[in-house]
Amino acid sequence: MHNFDFKHTGSDFKITAIANDNVKEIIEYKKKSHFIIGLHFHPELMKDNEIFKTLVQEAKKRQK
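Not measured: the values here are computed from a predicted model. (Residues numbered from 1 in each chain as written. Predicted model: local features only at pLDDT ≥ 70, side-chain atom pairs only at ≥ 80, totals over all residues. Heavy atoms only, no water.)

### Concerning the pairing of strand β1 (residues 13-18)
Strand residues, when the strand is regular, have side chains that alternate between the two faces of the sheet. Here is the rule we go by: One bridge is not enough; two strands pair if DSSP finds at least two bridges between them. The helix and strand labels rest on DSSP assignments: H or I over at least four residues marks a helix, E over at least two residues marks a strand, and numbering proceeds from the N terminus.
Sheet analysis places β1 next to strand β2 (residues 24-29), joined by five bridges and oriented antiparallel. Along β2, the bridge assignment pairs Ile15 with Ile27. If you look at the hairpin formed by β1 and β2, you'll find five residues sitting between the two strands, and Asn22 has a positive phi there, around 75°.

### Brief notes about the pattern of salt bridges
Test applied: Salt bridges are counted wherever a side-chain nitrogen of Lys or Arg sits within 4 Å of a carboxyl oxygen of Asp or Glu.
Scanning all chains against the criterion turns up four salt bridges. With its nearest N and O atoms 2.5 Å apart, the salt bridge here joins Glu58 to Arg62. Each member of the salt-bridge network shares a partner with another, and the members are Asp48, Glu50 and Lys53.

### Overview of helix α1 (residues 50-61)
As a reminder of what qualifies: To estimate the expected span of a helix, count its residues, drop one, and scale the result by 1.5 Å. By the criterion applied in these results, polar contacts are pairs of N or O atoms within 3.5 Å in which, for protein atoms, one can donate a hydrogen and the other can accept it, and in which residues neighboring in sequence qualify only through two side-chain atoms.
Taking 1.5 Å per residue, twelve residues should reach 16 Å; α1 reaches 16 Å between its end C-alpha atoms and fits that length. A side-chain oxygen of the first residue of α1 lies 3.0 Å from the backbone nitrogen of Ile51; this N-cap is Asn49.

### A short note on the pairing of β2
How we decide: Relative accessibility under 20% of the residue-type maximum defines a buried residue, over 50% an exposed one, and the middle range a partly exposed one, all with a 1.4 Å probe and only protein chains included.
Burial runs high along β2: five of the six residues are buried. Both β2 and strand β3 (residues 37-39) contribute to a ladder of three bridges, which runs antiparallel. Within the sheet, the bridge partner assigned to Ile26 lies in β3 and is Leu39.

Right, dumping it as structure tokens:
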């Protein structure tokens, strides 16, 4: 199902998930002052979605 991959990842990002076919599926920004992730799959199709839970938690932390 993979047609694309993160070919080049900036030095401020780390790869945090790799699929069975060696495609990088998640990259995350290293600095904790920002919440930035890149996804290479459809998290909305997952039954138990930790990504959306984390997104909501991070948004609540940053509310003014």
